[in-house]
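Letter by letter, the chains look like this.
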Amino acid sequence: MSNPVQLGLLLLTLTAIGVFGYNVYLLEITPPERPYTEFLADLRQGRIKKVHLRGQTLTGEDNSGRPFGTFAPDPPALVPLLVERDVIVTGEAEPTSGAINAFKVLLPLVLILAGWLIFSKKTVAGALGGRRTARFTPVRSERVTFADVAGITEAKEELLEIVEFLKNPEKYSRLGCQIPKGVLLQGPPGTGKTLLAKAIAGEASVAFFSLGGSDFVEMFAGVGASRVRELFAEAKKHPPCLIFIDEIDAIGGRRASGQGTGASDERNQTLNALLVEMDGFDTRDTVILIAATNRPDILDPALLRPGRFDRRITLSLPDVRGRLKILEVHAQKIVTAPAIDLPTVARSIPGFSGAEIANLVNEAALMAARHNKAAVDMDDFEEAKDKIVMGLERKSIAVSEQDRRLTAYHEAGHAIVGYLLKETDPLHKITIIPRGRAMGLTQQLPLDDRLTYSRDYLLNRIAILMGGRAAEALVFNRLTTGASNDILQATDIAARLVCEWGMSADLGPVAYRRGGEFVGGEQSAPHSEMTARRIDRAIRQLIGECADQAADLLHKHNRFLHTFAEVLLLNETMDAEEVDIVYRNYLKERDVERALTENRKPDEDQQDHHTEDMQ
Ligand code: ADP
Ligand code: ZN
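In this text, all values refer to a predicted model and were calculated from it rather than measured experimentally. (Residues numbered from 1 in each chain as written. Chains lettered and ligands numbered in written order. Predicted model: local features only at pLDDT ≥ 70, side-chain atom pairs only at ≥ 80, totals over all residues. Heavy atoms only, no water.)

### Examining the coordination of the zinc ion (ligand 2)
Within the protein, H410 (NE2), H414 (NE2), D486 (OD) and D486 (OD) serve as the donor atoms for the zinc ion (ligand 2), at 2.1 to 2.7 Å. Considering all four donor atoms around the zinc ion (ligand 2), the spread of angles at the metal, 52 to 143 degrees, places the coordination shape in the irregular class. (Donors = N, O, S within 2.8 Å, 3.2 Å for Na, K, Ca; no water. Tetrahedral: all angles 85-135°; square planar, octahedral: opposite > 155°, others 65-115°.)

Below, the structure is given as C-alpha cells:
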C-alpha cells in the first residue's frame, strides 16, 4: 500500500461504506408512529420536549426522553402552538421523499463501485461495456477569430504564421520548415491570452484542446502526468490541432531540488511528462502547443529551451487606444445609445484589462436593463465603472488626475534624460499605465547583451534614474515618494562603481566592502572608519553629479519635457518612434521661436543644438 493512489482509493471506499451504513441506520431509527391526535394531546399538556419537522413528517422527543414520530397534516398551523409550549423546534425544507432516501443510500454504492473500478484500472465506460470515452474532447463551438481580439496587433501578426501553418501544414513540411512547436503567451490576467489561443484555432479552423495548469495541482500522485500523456495522445489523433495549457506556472514552476514535498513531487512528475511529450512530437504531427502564464519569471528554464516554448509573446495591459478598440468589440454586442462616447469611456479607465473592459460593458448593459432603458448610455457606463472600481482590490486603477500628471512627468523625466544622453540603451517603451505597485515604467532595450559596462554608461544610468525625480522637482517643485525605487537602484550602481569596479577618482581601483557587506566578494579589502566615510562621500558625490546633470538637461529642454508629458497623458504609452516625432516637433518649434525672439538666423541655431544635444 505504498502507492498513494491506492491508499487514497482505499480511504474513499471506507468512507463510502461508512456513509452508506449511516444512511441505512438513519432509515432504521425512524421512531414509532404515534397518532397525530395523541401527539396534540401531549403537546397541550406540555409533555413534548422537542420536535423536528421534515415536510409533513414530524419526529421528536417527549419530556421523558422517549422518541416518537407522527404525520403532521398542517405544519404551518402547528408551529405557533409548538412555540407557545416552549418546544424546541427544528426542521428542514425538503420533504424527504422515497426517491431522495434511495439516492442517499445509492450514492455511496455508486462511489464504492467507481472506486473499485478505478482500483482495478478499468474505466467506468469500459466496465459498462461501452467504448472508452476520451477525457479531452476538442472544442469547436463558439468560433473565436482575430476580429474578437482587439488592440494587440503586434501579437496577432506574430501568430499569423502559426495560423498559416495549421491551415496548410503540407506547404511547410514539404519545404522542411521549422515551425515553432510551442508558444508562450505571457502577461497579466485578463489580457486576452486564452482568447488569443482560441482565436488561432478559430482562424485556422482546427480543434482546440485545453487544460488549466491548476487542474493538476492537489491531485493524486501520477494523475497529472497521466493526464498530460492522455491529452497529447488525444490531440495527435486530431491533427492539425492546438493544445492550450492555461496557467502553466502551476506545473511548470521551477522544479524543486532535493527532497520535495508531496505536492512538488507531483508537479515535477507532471512537468517531466510535459517535457517528454513536447520532445516526443514534431511539427509533422501538426500539433501546436500554446501556454499562458502571468508569472513567466518562475517558469522552469527547461520549458523555455529551444524546441519547447521557444517563442514568447508578451501581452500587456492596453493603453487608451487599445482600450478603445476592446470597448468597440464588446460594445457591438449590446445596444448603445447614439450619444455614447467610447473614447471618453476608454480614457476614464486607465489600468483596466481586456477582461475588465468586457465586464464593464456587460455591467453597463445590466445597469441599463435595471433602469428599463431602451439603450445603454454614458450614465450606465459611469455607474458600472464605479461599481467595478470599488470592487477591485487594485486601488491603482482609480488613479487620481493629480497622480497621473505626476507620473507622466516622472516617466518623461527618465525618458528624456535617456533619450538625450548618448551612451545608453535606446528607449523602448514609456508607459503611465499603473501595474502592480509601479505607477509607470520607462523601458530601455539593451542593444546587445553587454557583459561589461563603461563608466559613462553607468553614470548615464544613474542620471536616467535621477531624471524622474528631477522632473517632478522641476515642474511641481516638490518631491514625492514615487522615486524611492529609482534611488535604490541608483545607489546600488554608484556603490558598485566605487567599491567593486574601482571607478571613483578618490578611492581608485581597490575593492571595498560597504556597510559591513562584501560588495566585491571575499577579496574586499577591510578598511577603516575613515575609508568608510570616504566611500560614502564618493557615492553621494557620484549620485549628486548625475542628479545635477539630469536636472540641467530637463531644465534646458523643459519644453520637450512638457510636450512629452502631455503626449503621455493623452496616449498613456509612447514607443521609440513616437518619441522621435515629439522630439523633432520640439526642435522645430524651438528653432522658430528662437528665430523670432532672438532675431538670430535659424541655420546658425541649427548647428548650435546639434552639438549641445549630442554631447
Ligand atoms: P487571460 O487568459 O489573459 O487571463 P482571457 O483571454 O481569459 O484573459 O480574457 C477574458 C475575457 O476578456 C475574454 O474572453 C474577452 O471577453 C475579454 N478580453 C480580454 N482581452 C481582450 C482583447 N484584447 N480584446 C477583446 N476582448 C478581450
Ligand atoms: Zn522612476
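Let us keep going from here.
### Description of unusual backbone geometry
Following P239, the chain continues to P240 via a peptide bond in cis, the omega torsion being -15 degrees. Inspection of the secondary structure puts P240 in the loop between helix 9 (223–236) and strand 7 (241–246). Of note, the phi angle at E247 is positive, near 50 degrees, even though the residue is not glycine. On the basis of relative accessibility, which here comes to 37%, the residue E247 falls in the partly exposed class. (Helix = DSSP H or I, 4+ residues; strand = E, 2+ residues; numbered from the N terminus. Buried < 20%, exposed > 50% of the residue type's maximum accessible area, 1.4 Å probe, protein only.)

### Details of the sheet that holds strand 11 (residues 441–444)
As summarised here, the arrangement of the three strands in space is 11-10-14, forming an open sheet in which the pairing is antiparallel. A single partner strand is all that each edge strand has here, and the edge strands are strand 11 and strand 14 (573–575). Going across the sheet, the axis of each strand differs from the next one's by a mean of 10 degrees, ignoring polarity. The sheet contact formed by strand 10 (residues 427–431) and strand 14 spans three bridges and is antiparallel. Paired with I430 across the strands is M574, a residue of strand 14. Lying on the sheet, helix 20 (residues 558–571) is in contact with strand 10 and strand 14; it crosses strand 14 at an angle near 120 degrees. (Pairing = 2+ DSSP bridges. Axes fitted to C-alpha atoms, helices over the stretch in contact; angles between N-to-C directions. Contact = heavy atoms within 4.5 Å.)

### Overview of the pattern of salt bridges
The final tally for this structure, using the stated rule, is 21 salt bridges. Note that R321 is salt-bridged to D319, the shortest N-O span being 3.4 Å. When its relative accessible area of 33% is taken as the criterion, R321 is described as partly exposed. The buried category is assigned to D319, whose relative accessible area is 14%. Taking the shortest distance from any N to any O, the salt bridge between D377 and K373 comes out at 3.2 Å. Judged by relative accessible area, which is 22%, D377 ranks as partly exposed. K373 gets classed as partly exposed once you look at its relative accessible area, which sits at 31%. One network of salt bridges, in which partners are shared, links R323, E401, R404 and E572. (Salt bridge = Lys/Arg side-chain N within 4 Å of Asp/Glu carboxyl O.)

### Focus on the nonpolar core
Counting residues in hydrophobic clusters, the biggest one holds 52 residues, and the most contacted among them are V417, I430, I462, L497, V498, F560 and F564. Those elements that place two or more of their residues in this core are helix 16 (401–420), strand 10, helix 17 (455–476), helix 18 (484–499), helix 19 (529–556), helix 20 and helix 21 (576–598). Excluding residues within four positions of it along the chain, V417 makes contact with A463, I464, G467, A550, L553 and L554. (Core = buried A, V, L, I, M, F, W, Y, C linked by side-chain atoms within 4.5 Å.)

### Quick notes on the site of ligand 1
The local shell around ligand 1 holds 16 residues, among which A150, G190, K193, T194 and H330 are the closest. A distance of 3.1 Å is found between an oxygen atom of ligand 1 and a backbone nitrogen or oxygen belonging to G192. Between ligand 1 and K193 there is a distance of 2.8 Å, counted from an oxygen atom to a side-chain nitrogen or oxygen. The protein chains hide 79% of the 560 Å² of surface that ligand 1 would expose on its own. Elements with a minimum of two residues in the shell around ligand 1: helix 8 (193–204), helix 12 (320–331) and helix 14 (354–370). Classifying every residue of the shell around ligand 1 by side-chain character gives eight nonpolar, six polar and two charged. (Near = heavy atom within 4 Å. Polar contact = N/O pair within 3.5 Å; in protein donor to acceptor, adjacent residues only side chain to side chain. Areas by Shrake-Rupley, 256 points an atom, 1.4 Å probe, with all protein chains shown as cover. Nonpolar A, V, L, I, M, F, W, Y, C, P; charged D, E, K, R; others polar.)

### With respect to helix 18
Taking 1.5 Å of rise per residue, 16 residues should cover 22 Å, and helix 18 covers 22 Å from first to last C-alpha, within 8% of that figure. Where helix 18 is concerned, the buried positions are D486, A490, I493, A494, A495, L497, V498 and C499. (Expected span 1.5 Å × (residues − 1).)

### Notes on a nonpolar patch on the surface
A cluster of nonpolar residues, V79, V83 and V89, forms a patch on the protein surface that exposes about 200 Å² of accessible area. Take V79: it is sitting in helix 3 (residues 75–84). For V79, a relative accessible area of 30% gives the class partly exposed. (Patch = residues over 30% accessible without salt bridge, like charges linked within 9 Å, V, L, I, M, F, W, Y side chains within 5 Å.)

### Comments concerning the side chain of E411
Looking at the element boundaries, E411 is found in helix 16. The charged side chain of E411 is buried without a salt bridge, its nearest counter-charge being R461 at 10 Å. Side chain to side chain, E411 and T442 meet in a polar contact 2.7 Å long. Setting aside residues up to four positions removed in sequence, E411 forms contacts with I430, T431, I432, G440, L441, T442 and L568. (Lys, Arg positive; Asp, Glu negative; His and termini not counted.)

### Some words on the sheet that holds strand 8 (residues 287–293)
Read across the sheet, five strands follow the order 6-7-8-5-9 without closing on themselves; strand pairing throughout is parallel. The open sheet terminates on both sides in strands that have one partner only, identified here as strand 6 (207–212) and strand 9 (311–314). Averaged over all adjacent pairs, the angle separating strand axes in this sheet is 20 degrees, with direction ignored. Where strand 5 (residues 182–186) lies against strand 8, five bridges are found, and the strand directions are parallel. From the neighbouring strand, Q186 faces strand 8, where its bridge partner is T293.

### Digging into the packing of helix 18 against helix 19
At a closest axis distance of 9 Å, the pairing of helix 18 and helix 19 adopts a crossing angle of 125 degrees. Judged by the inter-axis angle, helix 18 sits oblique to helix 19. Of the two elements, helix 18 crosses helix 19, and the hand of that crossing is right-handed. When helix 18 is examined against helix 19, the residues A490, T491, A494, A495, L497, V498 and C499 are found in contact with a partner set consisting of I535, A538, I539, L542 and I543. Per-class residue counts for the contact of helix 18 with helix 19 are 11 nonpolar, one polar and no charged. (Parallel < 35°, antiparallel > 145°, perpendicular 65-115°, else oblique. Left-handed = near helix turned anticlockwise from the far one by under 90°.)

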